[in-house]
Structure formats: structure tokens, C-alpha cells
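Secondary and tertiary structure notes
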Amino acid sequence: MVKVAIVGATGVVGSKMIEMFEQYEIAADELVLFSSPRSAGKEVEVQGQMYTVRELTEEAAKEGFDYVIMSAGGGTSKHFAPLFEEGGAIVIDNSSQWRMHEDIDLIVPEINRPVLDRRIIANPNCSTIQSVVALQPLKKKFGLKRVHYTTYQAVSGSGVGGLRDLEEGAKGEAPTTYPHPIHDNVLPHIDVFQEDGYTKEERKMIDETQKILSQPDLAVTATCVRVPVTNSHAVQINVTLDKEATVEEVREAFKGIPHIKLVDNPENNEYPTPLDSTGKSEVFVGRIRKDESLENTFHIWCTADNLLKGAAQNTVQILKMMMETESVQNG
């Protein structure tokens, strides 16, 4: 009997996780959906069956789950993930709470696998996920010396509040989520500013890239920007390689990889856009060109659906991987 829980089941990412259950054919003998008290009691359909959403409580967390996927914010995860863990569950958490803990695995299934020093697995930041997926083939073939990110992040990354600010801002309404209007505007500000002038989002991308790629000394920097786009993040990656490479060799490194879609024909106006990647499982790459100001350095443009590969899809991929691994281990 496999017992699975989804925490934050009625949220934007939680709803996408439920969609992913069908796509990845997640087989649970018992499924429980949890939410905040406000959403408890709602009816939600999962794989053709209706479920009543329950309020998450400490008692409920100790009911003995095998797997728990969480997308309910850092505070909820900090309190409840260890309770699920104590009850024997493998917890896959979508918040930033556990990502940089030394004993917690930070996983992108196309790149690394958990060692499970603890039974909590962290899902990386959405922009980090698509970026390291694009960097991994280059690391494997050429090695990496330096990475500079500039992100163009959609409002869905801020949940319903961000979507509301964009939609209502078009009608002249004041923002309630962002400090300035996002409609017809661009904000170089995602998450809180830190003493060094970087935002927390920028620091996440730096630290998480080094951890996922197992290169703690990799030179990484980032500027993260919110743009008036509904869904799918774009990242401009400027990467310096260890080994000498040509543009064509860099382009070739992306070919034949199922989870990467190469769209790089600028002479025909073909390059990745957020509209292309929305609703798609792949990470899109293109606009590959040499940076003539730095030695052995290249520009790569990357887009991906931040609610799918950047959150729900990656989480459910980890769940699927862990269920298959434990199934093999248990015979």
C-alpha cells in the first residue's frame, strides 16, 4: 500500500502537480490532499476521482505517509516537512526552505539523484532548474568556468497575486503584490534585497547552481527581473567554458536530448519565446552566439514553463524517480 499526500493542493503549483500525476502515471493506493483552512473542504479531481481537500494539521502529518509533495511556502514546510519525515515519508518540497541545507538533496532528475541523508528532498528555484538543464550538456562536454544569468521572469512565479497585479494593472488598479505596477513595466526586483545588493532570488540562483552541478567554486552571478508576461520564464545565460569550443559545437551539445528543444534559426526569426514553452515539458534553448568580449564565452537564450518544469513537473519527476527506485529496492 502506497500512501501519498499533496500539500498545497489548491494553489497554482499544487493544481499543476495534480495534472502531472496523470501525465507521469503516479500510482498511489491512497491519496490525500491538504490545504490551508481556507481551502479545506473543496472537491478536487485527480486522475478521474474526486477528493475532498483536508486541512493540514500536526496530527494529519503523523498518519504514516510514504511520499509527500509540498508546495505551501517555506513556513509551512519548515514546520510540517520534519513531521512527515518523522512519520516515515519521503518529502519533496517546492519551497526554498531546505534547498541549501547540507544534508538535504537538491534535485533536478536530468542531472542528479538523491542520496537521502535525510528523507527531505528540495525542489530548486524555477529559474535555476531551467538554467542548469541547459548548462548540464555544456558541463559534460566542455566544463564550466563562469556563468552570468539575466532572467526575465513571468508573474505566475508570484502565484495568484502576481497574476492579479498584471491583469488588474491593465485596468489601472494599484498593485497588491509588487511594490510597483508590473503592467507595462519591468521590475529588477524579485524577493527581498540583501545587504550585498543582491536579491534573495539572485542568491538562490547562484548558490543552487553551484550545488546542483556539484561545482561549489563555479563563478556565478545573476540579475533577476520580473516582466509583464503571464507564464514561462526566460533566462539569458552567458557562460565561459573550460575547453575551447565553437558556436556549432555548443549548438551540437544540445541536439538529441529529449528534455531540451533547440530552436536556433534567427535568420528565420526562430528562437525560443515564453509563448513557445508554456504548457511544454522541455527546456527551450536558442540564440546561441559567441561573446566576443570574453574568451571562450557564449550567449544562450533559454525559456521554460516555470509552473511545469520550474515547479510541479520537476517535483513529480522526483516523486516518480523515488517510487521507482524504492520499488526496485523492495523487489
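Our structure is the block above this text.
Residues numbered from 1 in each chain as written. Predicted model: local features only at pLDDT ≥ 70, side-chain atom pairs only at ≥ 80, totals over all residues. Heavy atoms only, no water.

With 17 residues, helix α4 (residues 126-142) should cover 24 Å at 1.5 Å per step; its first-to-last C-alpha distance of 25 Å lies within 8% of that length. In α4, a bend of some 30° at L135 exceeds every other bend along the element, and P137, a proline, comes one to four places later. Of all 17 residues that make up α4, 13 are buried, and the element is covered over most of its length. One or two positions beyond α4, positive phi appears at G143, with a value near 80°. (Helix = DSSP H or I, 4+ residues; strand = E, 2+ residues; numbered from the N terminus. Expected span 1.5 Å × (residues − 1). Bend = angle between axes of the 7 residues up to and from the residue. Buried < 20%, exposed > 50% of the residue type's maximum accessible area, 1.4 Å probe, protein only.)

This brings us to the packing of aromatic side chains. This model, assessed by the stated rule, comprises 4 aromatic pairs. Ring geometry for F34 and F84: centres 6.3 Å apart, planes at 50°, overall tilted. One end of the pair, F34, is in strand β2 (residues 30-35); the other, F84, is in helix α3 (residues 74-86), with 50 residues separating them in the sequence. Residue class for F34 comes out buried when judged on its relative accessible area of 0%. The interplanar angle of 55° and the centroid separation of 5.4 Å between the aromatic rings of Y152 and W301 together place this pair among those described as tilted. Residue Y152 is found in strand β10 (residues 144-153), and its partner W301 is found in strand β15 (residues 297-304); the two are separated by 149 residues along the sequence. Clustering of aromatic rings is evident, with ring pairs tying together F34, F65 and F84. Sitting above the plane of the F65 ring, K3 keeps its charged end 4.6 Å from the centroid. (Phe/Tyr/Trp six-rings, centres within 6.5 Å; stacked < 30°, edge-to-face > 60°. Lys NZ or Arg CZ within 6 Å of the ring centre and 35° of its normal.)

With that out of the way, let us pick up the pattern of salt bridges. Considering all chains together, one arrives at 17 salt bridges under this definition. For K309, the salt bridge goes to E110, with nearest N and O atoms at 2.9 Å. Of the two residues, K309 sits in helix α9 (residues 308-329) while E110 sits in the loop between β8 (105-106) and β9 (120-122), which places them 199 residues apart along the sequence. Here K309 falls in the buried class, since its relative accessible area comes to 2%. Among the charged side chains, a network of salt bridges with common partners joins E248, R251, E252, K255 and D264. (Salt bridge = Lys/Arg side-chain N within 4 Å of Asp/Glu carboxyl O.)

Across the 9 residues of strand β12 (residues 233-241), 9 count as buried, placing the element largely inside the fold. Side-chain alternation along β12 places H233, V235, I237, V239 and L241 on one buried face and A234, Q236, N238 and T240 on a second face that is also buried. In terms of strand pairing, β12 meets β15 through 8 bridges, oriented antiparallel. For H233, the partnering residue across the bridge sits in β15 and is A304. (Pairing = 2+ DSSP bridges.)

This part covers the layout of surface pockets. For the largest pocket, the calculated volume is near 1,100 Å³. As for the largest pocket, its lining consists of 46 residues, of which V13, S71, G73, G157 and G159 are closest to the centre. At the level of secondary structure, the elements contributing two or more residues to the lining of the largest pocket comprise α1 (12-23), α3, α5 (159-169), α6 (200-212) and α9. Here the residues of the lining of the largest pocket are counted per class, giving 15 nonpolar, 24 polar and 7 charged. (1 Å grid on protein atoms, 1.4 Å probe; cavity = no way out; pocket = protein on both sides within 12 Å on 5 of 7 lines; lining within 4 Å. Points joined across faces, edges and corners; volume = space filled by probe spheres on them. Nonpolar A, V, L, I, M, F, W, Y, C, P; charged D, E, K, R; others polar.)

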